[in-house]
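Examining the three-dimensional arrangement
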Amino acid sequence: MPDIVQWNAIREQFHKGGLLLGNGASMALHPGFGYESLYEVAQQRQHLTEEVAGVFAAFRTNDFELVLRRLWQAQLVNTALAIAPGPVEAAYKLVRNALIATVRDSHVKYDDAAPHFQAMWAFMQQFRTVVSLNYDLTVYWAMMAGNSALGGSWFKDCFLYGEFVDDWQSRREFWGRMTDACLVFYPHGNLVLARTSDFEECKIAAGNNSNLLEKILAEWELNNFSPLFVCEGTAEHKKRSIESSTYLQRVFREVIPALGETLVIYGWNASPQDMHIREQVKIARGNALRAVAVSVFRNNQNEAQRLQEVLQEIGVAEIYFFDAESSGCWIHT
């Protein structure tokens, strides 16, 4: 069976490599992120009325983002053609309100997450590239806390004045007191990302990060933005959603295959629903990736064995496993 070591035993070998964060990273902060989908949360919290469920059934999907995107685009067409508001607008509002209520209920509060930010950014600071598959705001909050504590822009999401920078690699440059930089990306999108009414993609900003979640929900409610994140469906479904976004495509095709020589995976179970991410890691393996370290929760040898087989299938030979709750990794000080 695979050996499962403490993080500090292998930390130096993975310094300045890549970090991939899965749902387990969010669950470490808040058990409310443990649901497989927002649709499931909406069901549990009774935000799915019969009318809302009917809209999802009509689109044959449980993906909030997909349904909202299609209805939102239809609304814009109706407006352009001076078609009076009708069923499309009504359906959009029903689904949007259900999503707002679900996110508000399930997302961790800023003040509850804040005690973990220092440990989070200190862990992320060891890497040159971080990719988070999670839609929630915890990584973004930790980045901002890190930049504030370090007195500069160590963590960068490659958005400048709300727009993604075309030459994102140039953001690796550092200046002032900084001695390096860590670039952070969201291959499945994030609550902080949105589409505008003219189909541009942007980052929603708030003057006070503690109020960011409410600012985002307010912008959705005002119909100024449509959310840009994917958290439902099969790998093929997710891949199609990625192809609908310029930002998601670029992260998927440019960032993941270029993660570097080493990669740390924390809280990701490499499920069949994320086969598209596996494929990109395989491309990274063909480029430069030689060693991967994977977190294992509560010494689960069966899970370690399964993940080892998954990584071996995509050509990774040098594989390490570390205790997900060991000192120095993620939120564990």
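Residues numbered from 1 in each chain as written. Predicted model: local features only at pLDDT ≥ 70, side-chain atom pairs only at ≥ 80, totals over all residues. Heavy atoms only, no water.

Going by what an unreviewed UniProt entry lists, the protein is known as DUF4917 domain-containing protein and is assigned to Janthinobacterium psychrotolerans.

Concerning the environment of Tyr266
Along the chain, the position of Tyr266 falls in strand S11 (residues 262–266). Each C-alpha atom of the pair Tyr266 and Ala324 lies 7.3 Å from the other, and the pair is 58 residues apart in sequence. The residues contacting Tyr266, other than those within four sequence positions of it, are Leu19, Leu20, Leu21, Gly22, Ala25, Ser295, Phe322, Ala324, Cys329, Trp330 and His332. A polar side-chain atom of Tyr266 sits 2.7 Å from the main-chain carbonyl oxygen of Ala324. (Helix = DSSP H or I, 4+ residues; strand = E, 2+ residues; numbered from the N terminus. Contact = heavy atoms within 4.5 Å. Polar contact = N/O pair within 3.5 Å; in protein donor to acceptor, adjacent residues only side chain to side chain.)

A look at a nonpolar patch on the surface
Residues Val77, Leu81 and Ile83 make up a contiguous nonpolar surface patch of roughly 280 Å² in combined accessible area. One can find Leu81 in the loop between helix H5 (64–80) and helix H6 (87–106). (Patch = residues over 30% accessible without salt bridge, like charges linked within 9 Å, V, L, I, M, F, W, Y side chains within 5 Å. Areas by Shrake-Rupley, 256 points an atom, 1.4 Å probe, with all protein chains shown as cover. Salt bridge = Lys/Arg side-chain N within 4 Å of Asp/Glu carboxyl O.)

Let's talk about the pairing of strand S13 (residues 318–323)
Taken together, the two bridges between strand S1 (residues 4–5) and S13 define a ladder with parallel strand orientation. The residue bridging Val5 from the neighbouring strand is Phe322, located in S13. Note that the unit made of strand S12 (residues 291–296), helix H14 (residues 301–313) and S13 has a crossover that is right-handed. (Pairing = 2+ DSSP bridges. Right-handed = clockwise from strand over helix to strand, strands pointing away.)

Focus on the sheet that holds strand S9 (residues 201–203)
Across the sheet, which stays open at both edges, the three strands sit in the order S9-S8-S10 with antiparallel pairing between neighbours. The strands lining the two open edges of the sheet, one partner per strand, are S9 and strand S10 (225–229). Taken pair by pair, the neighbouring strands of this sheet meet at an average axis angle of 45°, ignoring direction. Examined bridge by bridge, strand S8 (residues 189–196) and S9 share three bridges and lie antiparallel to one another. Paired with Arg195 across the two strands is Glu201, which belongs to S9. In the packing of H5 onto the sheet, contacts are made with S8 and S10, and the angle to S10 comes to roughly 150°. Lying on the sheet, helix H10 (residues 212–221) is in contact with S8 and S10; it crosses S8 at an angle near 30°. (Axes fitted to C-alpha atoms, helices over the stretch in contact; angles between N-to-C directions.)

Focus on the packing of H6 against H10
It is at 10 Å that the axes of H6 and H10 come closest, and there the two elements cross at 175°. In terms of orientation, H6 lies roughly antiparallel with respect to H10. Across from Arg96, Leu99, Ile100, Val103 and Arg104 in H6, the residues of H10 making contact are Leu213, Glu214, Leu217, Trp220 and Glu221. Class assignment of the residues belonging to the contact of H6 with H10 gives a composition of six nonpolar, no polar and four charged. (Parallel < 35°, antiparallel > 145°, perpendicular 65-115°, else oblique. Nonpolar A, V, L, I, M, F, W, Y, C, P; charged D, E, K, R; others polar.)

What to know about the pairing of strand S3 (residues 129–132)
Regular strands place side chains that alternate from one sheet face to the opposite one. Residue alternation in S3 divides its side chains into two sets, Thr129 and Val131 and Val130 and Ser132, and both sets are buried. In the sheet, strand S2 (residues 18–21) pairs with S3 via four bridges, with the strands oriented parallel. Opposite Gly18, over in S3, you have Thr129 as the bridge partner. Relative to strand S7 (residues 182–185), S3 is paired through three bridges, and the arrangement is parallel. Paired with Thr129 across the strands is Leu183, a residue of S7. (Buried < 20%, exposed > 50% of the residue type's maximum accessible area, 1.4 Å probe, protein only.)

Concerning the sheet that holds S13
Pairing is parallel in the open sheet, where eight strands are placed in the order S1-S13-S12-S11-S2-S3-S7-S4. Only two strands of the sheet have a single neighbouring strand rather than two, namely S1 and strand S4 (155–156). Examined bridge by bridge, S12 and S13 share six bridges and lie parallel to one another. By the bridge assignment, Val296 is partnered in S13 with Asp323.

Observations concerning the nonpolar core
Counting residues in hydrophobic clusters, the biggest one holds 112 residues, and the most contacted among them are Phe185 and Trp330. The greatest single-element share of this core, amounting to seven residues, is contributed by H6. Not counting the four nearest positions on each side in its chain, Phe185 is found in contact with Thr129, Val130, Val131, Ser132, Cys158, Phe164, Trp168, Tyr247, Val251 and Val255. (Core = buried A, V, L, I, M, F, W, Y, C linked by side-chain atoms within 4.5 Å.)

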